[in-house]
Amino acid sequence: MFSPLFLAEFSVIKPDPGSIFWSALIFIFLYFFLGRVAFRPIQQALRKREEDIQSSLDEAKRTREEMAKLKADNEALLKLAQEERARILREAAETKEAIINEAKVKAKAEARKIVEEAKELIENQKMAAIVDVKNQVGNMAIDLTERLLRTQLKGNVEQEQLVARLMDEMKLN
Amino acid sequence: MIYKHFIHLFITIVLGLALPAWASHEHGSEHDHHQPEEYDAVSTVMHHIADANEFHVWKGVHIPLPCFLYAPGHGWTILSSGKFKHGHQAVDRYVLNHGRVNRIRSEDFPMGEVHIDGIISKEVEVEKNGKKEKKEEYFALYQGKEYPLDKPSTLDGGILGGGITSFYDFSITKNVASIMLVALLLILVFTAVARGYKENDGKAPRGIQSLIEPIFMFIRDEVTRPMIGEKHYERFQPFIMTLFFFILFCNLLGLIPFFPGGANITGNLSVTLVLALMAFIVTNINGNKHYWQHIFWMPGIPAWVKVILTPVEILGVFIKPFSLMIRLFANITAGHIIILSLIGLIFLFGKNGTNVGGAALGAVIGGLFTAFMNLIELLVAFLQAFIFSILTASYIGAAVDEGHHHEHEEAH
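Rules used in this analysis
Residues numbered from 1 in each chain as written. Chains lettered and ligands numbered in written order. Predicted model: local features only at pLDDT ≥ 70, side-chain atom pairs only at ≥ 80, totals over all residues. Helix = DSSP H or I, 4+ residues; strand = E, 2+ residues; numbered from the N terminus. Contact = placed C-beta atoms within 7 Å. Axes fitted to C-alpha atoms, helices over the stretch in contact; angles between N-to-C directions. Parallel < 35°, antiparallel > 145°, perpendicular 65-115°, else oblique. Left-handed = near helix turned anticlockwise from the far one by under 90°. Nonpolar A, V, L, I, M, F, W, Y, C, P; charged D, E, K, R; others polar. Expected span 1.5 Å × (residues − 1). Bend = angle between axes of the 7 residues up to and from the residue. Buried ≥ 20, exposed ≤ 12 C-beta atoms within 10 Å, placed from the backbone. Core = buried A, V, L, I, M, F, W, Y, C linked by C-beta atoms within 7 Å.

## A short note on the overall build of chain B
- Check the secondary structure of chain B and you find 10 helices and 12 strands.
- For chain B, the share of sequence-separated contacts (at least 6 apart) that also reach a separation of at least 24 residues comes to 61%.

As structure tokens, then:
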């Protein structure tokens, strides 16, 4: 029954010097060639890309933190500014009040002064008028006296009465 | 009913015409016509996983390959395997025996191009270590005489049935040509990928670059970086990557059942031996003081244990690459043998073309199981490439490890 076309020989298990030589040669060539041309550059490119991604992520995180800090700063600044404004407004209001009050006081004082001056002026004018009146009365008295004296020769009693009446009249003034 | 009969008849005619013709032709063209045609599954499988000096493409179509043959005392013979005319011509006593170059042992045989009448196999008695053993041998027929043939030398020292014979075969065999094809493919693919990184710098990967990148990153993140360590892994990465992609491409090319695939590259011990040898060399030339100390005089254990442990560790240095070599070889060869056996069911059930129904049954069963096995083989192709590279990386990692775990132990 066993009439083989060729021998059942398990040849693949026998290390063949030719195959060993060629596969070693090709493998070593592949190692150096691919290592230099492909595997090392690919590894470098991959690592560069990973570092790029990592640094981008880090930078984004840092920027976000900075933004948050900036925002917080802004808010603090805004709050400060609002406080400042409120303070300024309050102060302005106070100042306004003070100015108005002062003005009022000053105005009152001025008014009083004016009134006083006016009074004084009036008094002075009055005094001047009185003096003038007295002067005129004096003149009139002199005039009257002059006229009386001219008429003295006519009677005594009546003259005396007249003088007395005149004198009374003058006092009334 | 008439339809059913008609379909039955049709199938029977088609199968009856096509199958036996194909089955017998497959063998009739490849092998000797004057031999009785009986299907021998084991021999067929062994022939299909073996290396050859010509590349079989299609029925009767072979690509001749360059032969570099060296015989001590005769020197180099360089020729194309097409000169052998498929075993019908001897050149300088070299003949082509079922795809492989053999040499006629007898020095009486004429040199130069000589027409021979064919090659036969016979059972002969040989004396080996004082015992008579029966052994199959090949003979070249020339002018009515039988001349015994020598196979190419192998380096197994006779343990596996080979040994040094009268010549050495350094030819570009089918396997070597396939390795060259793999090398070419790797170079084409990886120069394209590397170019992609240059062109798409700072951009997302495109095309073949995005196909290879996940695999590359997987090997980097799951194999080289964890196994060798953060400090050294970049130094060994090209080596591990070359190993992984070389084995992967060889495995995948071996799964393609037709030209330009079909060569059983990683299922050949010579190839896995070279790969394991590379792993062995790279591991041991990079071994640091700490590594050698752990092999020759393991610190931290009693002296009498060291006496036992040191020989074990020294053996381990060689067993590790040896296991790498055997594992890859056995996995790939086993897968190929199973697939070829399942295909062989067609010829066994069909009694080599005489039983059409049997052949059809074999085709259905064998076809389904082959499809299933091919999927497993596809998994194995990736898995074995991964295992080979991760184990090599772990051996290298052990060799360059600076022993930080040791300080850790002392701290306890």
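After presenting the structure, the write-up continues.
## Considerations on the packing of helix H5 (residues 233-255) of chain B against helix H9 (residues 356-400) of chain B
Residue and element names in this part refer to chain B.
- The N-to-C vectors of H5 and H9 enclose an angle of 160°; their axes lie 9 Å apart at closest approach. Between H5 and H9, the interaxial angle falls into the category roughly antiparallel. Our pair here, H5 against H9, has a crossing hand that is right-handed. Judged by residue contacts, Phe236, Ile240, Leu243, Phe244, Ile247, Leu248, Asn251, Leu252 and Leu255 of H5 engage Asn374, Glu377, Leu378, Ala381, Phe382, Gln384, Ala385, Phe388, Ser389, Thr392, Ala393 and Ile396 from H9.

## Section: the interface of chain B and chain A
- With 59 residues of chain B in contact, the opposing surface of chain A contributes 38 residues.
- Elements that contribute at least two residues to the side of chain B that touches chain A include exactly helix H2 (41-49), strand E12 (168-169), helix H3 (174-199), helix H4 (208-228), H5 and helix H6 (269-285) of chain B.
- Ranked by residue count, the leading element in the side of chain B that touches chain A is H3(B), at 12 residues.
- In the side of chain B that touches chain A, the residues fall into 32 nonpolar, 20 polar and seven charged.

## Describing H4(B)
All names here are of chain B.
- With 21 residues, H4 extends 28 Å between its outermost C-alpha atoms, agreeing within 8% with the 30 Å of an ideal straight helix rising 1.5 Å per residue.
- Where H4 bends most, the angle comes to about 35°, and this point is Arg220.
- Residues Gln209, Ile212, Phe216, Ile219, Arg220, Val223, Thr224, Met227 and Ile228 constitute the buried set of H4.
- One or two positions beyond H4, positive phi appears at Gly229, with a value near 105°.

## Points about the environment of B:Lys134
All names here are of chain B.
- Turning to its location among the elements, Lys134 is positioned in strand E10 (residues 131-142).
- Look at Lys134 and you get exposed, because 8 C-beta atoms sit within 10 Å.
- Sequence separation of Lys134 and Glu123 is 11 residues, and the distance between their C-alpha atoms is 6.4 Å.
- The residues touching Lys134, leaving out its near neighbours within four places in the chain, are Glu123 and Glu125.

## Some thoughts on the nonpolar core
- Residues B:Leu186, B:Ile240, B:Phe244, B:Phe246, B:Ile247 and B:Leu275 are the most contacted members of the largest nonpolar core, which totals 72 residues.
- Put simply, the parts of the chain that give this core at least two residues each are helix H1 (17-151) of chain A together with H2, H3, H4, H5, H6, helix H8 (303-349) and H9 of chain B.
- With 14 residues, the single largest contributor to this core is H5(B).
- Of all hydrophobic cores here, the second largest spans 18 residues; its members include B:Val95, B:Tyr147, B:Phe167 and B:Tyr168.

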